[in-house]
Amino acid sequence: MTITRRIVLAGSAGALAMPNVVRAQGETFRVGALNPVTGAGSPYGSGMQRMIGAAVEAINAAGGANGRRIELFSEDSQTSPQAAVLAAKKLIEVNRVRAILGTWSSGVSLAVMPLTNDADILLMHTSGAPALSTPPVNAKSLGFRFQATNDRFGRAFAEIAAREGFRRPATMAFNNASGIGNTDGFRRAWAAKGNQNGEHVVYEPNQPSYRAELLRVLNTRPDVIVMGSFLPDTTIILREWFQTGTPMKWIIPGWAANPQLVQALGPAVTQGIIAVESVSNEGAPAFAAFDAAHRRAMGNQPGTANAYAAMTWDMANTLALAIEQAKSFETAAINAAIRQVANPPGEAVATFAEGKAAIAAGRKVNYEGASSVLDFDQFGDVTPDFGAYFIEQGQFNRRYVVKI
Amino acid sequence: MPEALIQALINGVIAGTILAVPALGFTAIFAVLNYPNFAIGALATVGAYAGWVGNTAFGLPMAAALPVAFVAAALAGLAVQWMAVKPLEAAGALMMAIASLAAGLVLENMLRFGFGNELRGFDLPLLRDWRFGAFRVGPQQVENFVLALACMALLWAFLRFSRTGRAMRAVADNRDLALLRGVDPVRVAAVTVAVGAGLAGMGGMLVGLDTSVDPLVGTRLVLSIFAAAVLGGLGSIPGAVAGAIAIGVAEEVAVLAFNPAYRLVVGFVAILAVLTLRPAGLFGTRAG
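Residues numbered from 1 in each chain as written. Chains lettered and ligands numbered in written order. Predicted model: local features only at pLDDT ≥ 70, side-chain atom pairs only at ≥ 80, totals over all residues. Heavy atoms only, no water.

Side note on the overall build of chain B
Stated precisely, the cut-off is as follows: Helix and strand assignments follow DSSP, with helices taken as H or I runs no shorter than four residues and strands as E runs no shorter than two, numbered in order from the N terminus. Only C-alpha atoms enter the radius of gyration; for comparison, a globular chain is expected to reach 2.2 Å times N to the power 0.38, where N is the number of residues. Throughout, a contact is declared for two residues whenever any of their heavy atoms are within 4.5 Å. To be clear on the numbers: accessible area is Shrake-Rupley with a 1.4 Å probe, and residue cover counts the displayed protein chains and nothing else. For the purpose of counting charges, residues Lys and Arg are taken to be positive, whereas Asp and Glu are taken to be negative. His and the chain ends are not included. Think of each charge as sitting on NZ of Lys, CZ of Arg, CG of Asp or CD of Glu.
On a plain count of helices and strands, chain B comes out with eleven helices and two strands. Along its sequence from the N terminus, chain B presents helices and strands in the succession α-α-α-α-β-β-α-α-α-α-α-α-α. Compactness check: chain B gives a C-alpha radius of gyration of 18 Å against a globular reference of 19 Å for 288 residues, within 12% of the reference. Once the C-alpha set of chain B is aligned to its principal axes, its extents read approximately 60 × 45 × 35 Å. Sequence separation of 24 or more characterises 76% of the internal contacts of chain B that already satisfy a separation of 6 or more. Summing over all exposed atoms, chain B offers an accessible surface of approximately 12500 Å²; the carbon and sulfur share of this is 71%. Of the side chains in chain B, 17 bear a positive and 14 a negative charge, and the two mean positions are spaced by 9 Å.

Here we look at the side chain of A:Thr270
All names here are of chain A. Which entries qualify depends on this criterion: Definition of a polar contact: a pair of N or O atoms within 3.5 Å, with one able to donate and the other able to accept a hydrogen when the atoms are protein atoms, and with sequence-neighbouring residues admitted only if both atoms are side-chain atoms.
With respect to the element layout, Thr 270 can be found in helix 10 (residues 267-270). A polar atom in the side chain of Thr 270 sits 2.9 Å from the backbone oxygen of Gly 266. Filtering out sequence-adjacent residues up to four positions away, Thr 270 remains in contact with Leu 261, Val 262, Leu 265 and Ile 391.

A look at the nonpolar core
What counts here: By nonpolar core is meant a set of buried Ala, Val, Leu, Ile, Met, Phe, Trp, Tyr and Cys residues that side-chain atoms within 4.5 Å join together. For the exposure calls, accessible area comes from a 1.4 Å probe over protein chains only, and a residue counts as buried if that area is under 20% of its type's maximum, exposed if over 50%, partly exposed in between. Each domain's extent is set by a domain assignment, obtained either automatically or from a database.
Judged by nonpolar contacts, the single largest core of 112 residues is most densely connected at A:Ile225, A:Trp250, A:Ile251 and A:Leu319. Sort the elements by how many residues they give to this core and helix 12 (residues 307-326) of chain A lands first, with 13 residues. Among the domains, domain 1 (25-148 + 282-367) and domain 2 (150-278 + 385-402) of chain A are the pair contributing at least three residues each to this core. For A:Trp250, the contacting residues outside a window of four places in its chain are A:Leu214, A:Val224, A:Ile225, A:Met227, A:Ile237, A:Leu238, A:Trp241, A:Ile273 and A:Ile274. One finds B:Val32, B:Met96, B:Ala240 and B:Ala244 within the second-largest nonpolar core, a separate group that totals 77 residues.

So, a positive patch on the surface
All names here are of chain B. We count it as follows: Each patch is built from residues that are more than 30% exposed by relative accessible area and take part in no salt bridge. Like charges join if they lie within 9 Å; nonpolar side chains (Val, Leu, Ile, Met, Phe, Trp, Tyr) join within 5 Å. Note on definitions: salt bridges are taken to be side-chain nitrogens of Lys or Arg within 4 Å of carboxyl oxygens of Asp or Glu.
Taken together, the side chains of Arg 160, Arg 163, Arg 166, Arg 169 and Arg 187 present a region of like positive charge at the surface. By residue number, the principal contributor to the positive patch is helix 6 (residues 163-173), which donates three residues. Here Arg 166 falls in the partly exposed class, since its relative accessible area comes to 42%.

Points about the domain arrangement of chain A
Residues and elements named next belong to chain A. Here chain A is described as being made up of domain 1 (25-148 + 282-367) and domain 2 (150-278 + 385-402). Taken together, the contact between domain 1 and domain 2 spans 16 residues of the former and 17 residues of the latter. Scanning the region where domain 1 abuts domain 2 turns up one salt bridge. Close ionic contact of Glu 282 with Arg 398 constitutes a salt bridge, the shortest N to O distance being 3.3 Å. Our count for the contact surface shared by domain 1 and domain 2 stands at six residue pairs in polar contact (both at pLDDT 80 or more). Contributing elements (two or more residues each) for the side of domain 1 that touches domain 2: helix 2 (42-61), helix 4 (106-119) and helix 12.

Section: the pairing of strand 8 (residues 224-228) of chain A
All names here are of chain A. The criterion, for reference: When DSSP finds two or more bridges between two strands, those strands count as paired. A right-handed crossover is one whose linking path, passing over the helix from the first strand to the second, runs clockwise when the strands point away from the viewer.
Where burial is concerned, most of strand 8 is hidden: five out of the five residues are buried. Neither face of strand 8 is left uncovered, since the one carrying Val 224, Val 226 and Gly 228 and the one carrying Ile 225 and Met 227 both have all their residues buried. Here strand 6 (residues 169-174) runs beside strand 8; their pairing, made up of five bridges, is parallel. Bridged to Ala 173 within strand 8 is Gly 228. Relative to strand 9 (residues 249-253), strand 8 runs parallel, the two being bridged by three bridges. Bridging across to strand 9, Ile 225 finds its partner in Trp 250. Where the polypeptide runs from strand 8 across helix 8 (residues 231-244) and back to strand 9, its parallel neighbour, the crossover connection is right-handed.

Quick look at the packing of aromatic side chains
Residues and elements named next belong to chain A. For clarity, the cut-off: Two rings from Phe, Tyr or Trp (for Trp, the six-membered ring) form a pair when their centres are within 6.5 Å of each other. A pair whose planes differ by under 30 degrees is stacked, one over 60 is edge-to-face, and the rest are tilted. For a ring to carry a charge above it, either NZ of a lysine or CZ of an arginine must fall within 6 Å of the ring centroid while also lying within 35 degrees of the normal to the ring plane.
As enumerated under the stated definition, the model contains 25 aromatic pairs over all chains in all. Ring plane angle 75° and centroid distance 5.8 Å describe the contact between Trp 104 and Tyr 308, whose orientation is recorded as edge-to-face. Of this pair, Trp 104 sits in the loop between strand 3 (99-103) and helix 4 while Tyr 308 sits in helix 12, and the two are 204 residues apart along the sequence. Per residue, the accessibility class of Trp 104 equals that of Tyr 308, and both read buried. Through pairs of rings, three or more aromatic residues link up here, namely Tyr 44, Trp 104, Phe 174, Tyr 203, Tyr 210, Phe 230 and Tyr 308. Between the NZ or CZ atom of Arg 399 and the centre of the ring of Phe 390, over which it lies, the distance is 4.0 Å.

Thoughts on the interface of chain A and chain B
For clarity, the threshold we go by: Here's the idea: put two parts together, see how much 1.4 Å probe accessible area each one loses, and the total over both is what we call buried area. Basically, the charged four are Asp, Glu, Lys and Arg, the nonpolar ten are Ala, Val, Leu, Ile, Met, Phe, Trp, Tyr, Cys and Pro, and anything else, Gly included, counts as polar.
Contact with chain A, which involves 32 residues of that partner, is made by 30 residues of chain B. With both chains or domains summed, chain A and chain B bury close to 2800 Å², and 55% of this area falls on carbon and sulfur atoms. When residues of chain A are sorted by the area they lose upon contact with chain B, A:Arg211, A:Arg239 and A:Gln243 head the list and together hold 22% of the total. At the junction of chain A and chain B, the tally comes to ten residue pairs in polar contact (both at pLDDT 80 or more). Going through the elements one at a time, strand 7 (200-203), helix 7 (211-218), helix 8 and helix 9 (259-265) of chain A are the ones with two or more residues in the side of chain A that touches chain B. At nine residues, helix 8 of chain A tops the list of elements feeding residues into the side of chain A that touches chain B. Broken down by class, the residue content of the side of chain A that touches chain B amounts to 13 nonpolar, 13 polar and six charged.

Focus on unusual backbone geometry
Residue and element names in this part refer to chain A. Residue Pro 136 is reached from Pro 135 by a cis peptide bond, and omega for that bond is 5°. In this fold, Pro 136 is placed in the loop between strand 4 (122-125) and strand 5 (143-145). Of note, the phi angle at Asn 300 is positive, near 65°, even though the residue is not glycine. Along the chain, Asn 300 turns up in the loop between helix 11 (285-297) and helix 12. In this structure, Lys 327 is a non-glycine residue whose phi angle is positive, near 55°. As for its placement among the helices and strands, Lys 327 is situated in the loop between helix 12 and helix 13 (331-342). Residue class for Lys 327 comes out exposed when judged on its relative accessible area of 51%.

Here we look at the sheet that holds strand 2 (residues 69-76) of chain A
Residue and element names in this part refer to chain A. Stated precisely, the cut-off is as follows: Lines are fitted to the C-alpha atoms to define the axes, a helix being fitted only along its stretch in contact, and any angle between axes, read from their N-to-C directions, falls within 0 to 180 degrees.
Spatial ordering of the open sheet is given by 2-1-3-4-5, a layout of five strands whose pairing is parallel. Edge positions in the sheet fall to strand 2 and strand 5, since each of these pairs with one other strand and no more. Adjacent strand axes in the sheet meet at a mean angle of 20°, parallel and antiparallel pairs treated alike. The sheet contact formed by strand 3 and strand 4 spans four bridges and is parallel. Bridge pairing links Leu 101 to Met 124 in strand 4. Seen against the sheet, helix 2 touches strand 1 (28-35), strand 2 and strand 3 and runs at an angle of roughly 170° to strand 2. Packing against the sheet, helix 4 makes contact with strand 1, strand 3, strand 4 and strand 5, and its axis sits at approximately 165° to strand 4.

The structure is reproduced here in structure tokens:
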């Protein structure tokens with residue numbers, strides 16, 4: 001095609017007309033989705049991002065929050081604090097978002113929260129580091145955690161280790177806030193039960209081999225190793241452990257011991273591993289709505305496949321309900337309304353549309369989420385339960401649920 | 001604990017020998033083209049994926065998948081050289097190094113795009129370690145060790161006996177004299193890049209064999225490769241081998257002595273010590 005003067009003119013006119021078209025759709029409430037589409041969180045990131053999109057679609061279909069459509073801007077955190085900071089800056093400075101949803105991994109959330117604090121906007125995240133609850137990181141109380149803290153994960157590990165009758169647990173932690181948070185939580189809880197803690201190794205990520213670190217732990221002859229780890233390092237460590245032929249068990253957080261791990265290592269290596277993951281609010285009506293949306297967006301995969309996607313689905317709904325409740329788009333007002341719409345007492349609601357109708361009728365609502373009952377404490381933390389999944393012949397069998 | 005020390009030495013020598021393969025590629029490119037090619041990590045990743053495809057899709061055994069890794073990484077290396085590095089030749093070695101770094105990022109993300117982020121394992125049975133009294137060594141470690149030695153022997157024979165290999169050494173020794181004697185610089189540069197990148201590719205595949213293949217498998221090696229080459233003397237072929245084995249052993253032994261979180265420091269300390277005490281490196285003749 002040759003580019004004629006007419007085409008150039010028509011194109012320019014079209015470009016000039018654009019802002020008017022956008023303006024004609026009315027003012028929107030801008031929200032950023034910052035998720036781990038690539039990197040260690042990649043098994044979850046796409047689902048997390050799509051479920052924010054699906055929830056926003058449902059919210060807009062119900063007439064938007066406080067009369068405004070939610071407009072979504074999506075970025076990839078790459079599960080890397082550096083990349084996430086650049087993406088958050090872009091979302092805040094260029095897209096002018098009023099909230100950021102769905103950061104995964106503590107390193108990322110710890111790096112992003114100072115930016116959201118400076119911009120005076122909300123950060124809803126799925127990270128576990130205890131530091132994210134309190135000042136200085138959460139000095140403005142604008143951070144909301146939809147996942148259990150690493151400390152609580154560690155306590156769940158200790159419950160499971162005691163229940164399974166282990167006596168000599170050692171710990172290995174990826175050197176970041178999440179990994180160390182997990183193992184520290186375990187060691188504290190284990191000692192509180194009157195037990196002796198074993199060898200503890202903190203390892204540097206991104207190594208081609210962890211043989212030296214592993215042998216250091218195995219030399220102390222533990223009967224179980226409790227991990228604070230991620231998928232890439234766990235894969236290599238388990239492979240090297242299997243080669244040593246040392247009989248012992250593993251307790252590993254569910255974001256590292258997941259179906260991708262079984263796929264990479266095979267059922268023989270992963271046999272008997274105990275994976276601990278927060279369980280979604282599976283019996284709840286909100287979970288049914290999320291599950292249907294997840295199956296539509298993710299090629300008929302059930303919602304139970306991605307606990308983090310349930311969390312991001314809840315983030316969008318909670319935020320929109322809080323805006324509806326606050327009758328305001330100001331951060332302070334929305335922030336104050338979040339506990340009003342999520343915590344008891346109030347009429348239990350499972351979707352934004354339901355909640356909007358109840359609020360319009362002047363009733364107090366209590367959003368019971370898809371990821372948990374979603375009651376925020378004074379730190380902005382929730383308290384999901386934990387499932388103990390035993391990997392058997394490559395299958396994840398949930399044997400019991402641990403409540404902390 | 002002497003047992004633990006000996007075990008660390010065994011593991012370190014094996015890891016160092018495998019590290020020597022990409023370190024040789026890095027140092028060869030430096031010797032002939034006079035710039036550090038930081039795309040070496042991504043090129044190692046290219047080789048790892050190529051070998052993985054050869055193994056899992058076409059059922060090639062390891063010894064046959066290695067040449068596939070070599071060829072794929074060599075082609076990628078030539079593409080990096082011609083498209084990114086060569087246009088900046090006039091701007092000096094630093095610009096070429098930066099161009100290679102950028103090209104490496106592009107390569108890494110192309111792989112991410114094509115293969116995704118998942119960890120890929122070779123289609124190999126996971127074997128238990130062989131035990132010798134208190135010591136252990138994995139059959140896969142031994143196979144990789146032997147394959148790495150074979151790669152190095154082939155490189156040595158190529159440099160020693162082939163006409164092109166001799167031309168490469170001549171250019172590395174004295175570029176002007178070599179050109180006067182009628183060595184074709186363009187051809188020598190191309191062969192060097194291909195061989196250097198190919199070695200990186202084979203190294204990447206060997207590491208991937210022992211662990212798993214993902215878009216960062218080569219990038220994780222860059223610091224160790226660079227430290228090995230600097231320690232041995234940038235541009236020195238025997239230096240790269242000695243440097244790699246020294247770094248491999250030091251990284252393993254360091255974990256016994258210090259908190260493992262400081263393992264990464266080994267590479268940096270080696271580079272710092274060499275640059276301060278003996279800038280030419282162990283086997284180098286020039287100060288880089």
